[in-house]
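Notes for the structure review
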Number of protein chains: 2
Amino acid sequence: MPDILHRVGVDAHPGRVFKALSTIDGLRGWWVSETTGDAGTGGTIDFGFCQMQVIEAVPDQRIRWRCFQGPEEWVGTEVTFALVWKDDQTFIVFKHADWKEPVELMHHCSTKWATFLLSLRDLLETADGHPVPHDLKIHVGD
Amino acid sequence: MPDILHRVGVDAHPGRVFKALSTIDGLRGWWVSETTGDAGTGGTIDFGFCQMQVIEAVPDQRIRWRCFQGPEEWVGTEVTFALVWKDDQTFIVFKHADWKEPVELMHHCSTKWATFLLSLRDLLETADGHPVPHDLKIHVGD
């Protein structure tokens, strides 16, 4: 099944990146401002347009979510953020896996994920994240 | 084989988008400043780090390249830009297909392609592309 892949390097230690991925306050800073829920292992996170179950949150190493509610194409997909310390930075190796088909929404979401990962990078490096609704727009009417 | 997918919407007619994809001057404006060669059907384009053969350049509809020289992981891969006029904009539906394996370079290139497609959008909408070497950096030392 097709996957969305990305990688961004952040000038921050894995602990800070992990915190931005595993706390509601962190997630509000780079992805969706109105996020609620519990971002620890076993918790559920409500991003408004979708809800994720936290399958794994291994400190400073890996976060894994499974979408259980949201756009039909997202339900059942998994999102993984693997953190790798290399060359004096934390690389976020990202995968949004198990799309059923490479539909046009998948193309859109792939580009959008890139902008959100760079929003996460900017949040950590310059305290200037741009979460929804202040996200970078990628088409007219986005 | 795994593919990189993206989609960006541009506030411009397909003819202008096609020109930015099918002329050396256009490509210099959003991807690589030092691009040389012939970007028409059957031509070869030298982007410095890689060379592409133009398999198809169907006016206002589709561009398809095949990489024949460059990073080992790129050789044999194909890049397609399909142009779709919808909702008063041109959607660029992008695919970099036929990677042998989902290696870490593929993750990096996926994020990088997103930034270049947004550079293309910015070139067409505001005359402010950011091609190499002025490209948006996505890790320390990029």
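These numbers come from a predicted model, not from an experiment.

Now for helix α3 (residues 104-126) of chain A. All names here are of chain A. Between its first and last C-alpha atoms α3 spans 33 Å; for 23 residues at 1.5 Å apiece the expected length is 33 Å, and the two agree. For α3, a buried count of 17 out of 23 residues is recorded, marking the element as mostly surrounded by other parts of the structure. Positioned one or two residues after α3, Ala 127 has a phi angle of 60 degrees, which is positive.

So, on to the interface of chain A and chain B. When the parts of a complex come together, some accessible area is lost, and that lost area is often taken as the interface size. Each partner contributes residues to the interface: chain A has 28 residues there, and chain B has 28 residues. Carbon and sulfur atoms supply 57% of the area buried between chain A and chain B, which totals about 2400 Å² over both sides. For the chain A face of the interface with chain B, the top three residues by lost area are A:Leu5, A:Arg7 and A:His107, together amounting to 26%. Its salt-bridge partner being B:Lys86, residue A:Glu104 comes within 3.4 Å of it at the nearest N-O pair. Counting across the chain A and chain B interface gives 20 residue pairs in polar contact (both at pLDDT 80 or more). Secondary structure elements with two or more residues in the side of chain A that touches chain B: β1 (4-10), β7 (89-97) and α3 of chain A. Sorting elements by how many residues they give to the side of chain A that touches chain B places α3(A) first, with 10 residues. Its residues assigned to classes, the side of chain A that touches chain B shows 12 nonpolar, 9 polar and 7 charged.

So, about the relation of the copies chain A and chain B. Expressed as a screw transformation, the operator carrying chain A onto chain B has a rotation angle of 180 degrees and an axial translation of 0.0 Å, and the superposed copies differ by an RMSD of 0.0 Å. Both copies are brought into coincidence by an operation consistent with a two-fold rotation axis. Counting the interface residues of chain A, we find that 100% of their copies in chain B are interface residues as well, pointing to one common contact surface.

What follows concerns the state of the cysteines. All names here are of chain B. All chains considered together, the criterion is met by 0 disulfides over all chains. The closest cysteine sulfur to the non-disulfide-bonded Cys 50 is located on Cys 67, 4.8 Å from its own sulfur. Here Cys 109 is not cross-linked by a disulfide; its sulfur's nearest cysteine counterpart is in Cys 50, at 9.6 Å.

Pairing is possible between side chains that carry opposite charge, provided their charged atoms lie close to one another. Residues and elements named next belong to chain A. Going through the model one piece at a time under the given rule, you end up with 20 salt bridges over all chains. Asp 135 is paired through a salt bridge with Lys 137; the nearest N and O atoms lie 2.8 Å apart. Since its relative accessible area comes to 10%, Asp 135 is described here as buried. A residue is classified by how much of its surface remains accessible, and Lys 137, at 33% relative accessible area, is partly exposed.

Another aspect to go through is unusual backbone geometry. With an omega dihedral of 10 degrees, the bond running from A:Val132 to A:Pro133 counts as a cis peptide bond. In this fold, A:Pro133 is placed in the segment after α3. Even without glycine at this site, B:Asp60 takes up a positive phi of about 65 degrees. Among the secondary structure elements, B:Asp60 is positioned in the loop between β4 (51-58) and β5 (62-69). Given the relative accessible area of 37%, B:Asp60 is considered partly exposed. Residue B:Ala127 is not a glycine yet carries a positive backbone phi of 60 degrees. Take B:Ala127: it is sitting in the segment after α3 (104-126). What makes B:Ala127 exposed here is its relative accessible area of 68%.

The rules behind each value
Residues numbered from 1 in each chain as written. Chains lettered and ligands numbered in written order. Predicted model: local features only at pLDDT ≥ 70, side-chain atom pairs only at ≥ 80, totals over all residues. Heavy atoms only, no water. Helix = DSSP H or I, 4+ residues; strand = E, 2+ residues; numbered from the N terminus. Expected span 1.5 Å × (residues − 1). Buried < 20%, exposed > 50% of the residue type's maximum accessible area, 1.4 Å probe, protein only. Contact = heavy atoms within 4.5 Å. Buried area = accessible area lost by both parts, 1.4 Å probe. Salt bridge = Lys/Arg side-chain N within 4 Å of Asp/Glu carboxyl O. Polar contact = N/O pair within 3.5 Å; in protein donor to acceptor, adjacent residues only side chain to side chain. Nonpolar A, V, L, I, M, F, W, Y, C, P; charged D, E, K, R; others polar. Least-squares fit on C-alpha atoms with pLDDT ≥ 70 in both. Disulfide = S-S within 2.5 Å.

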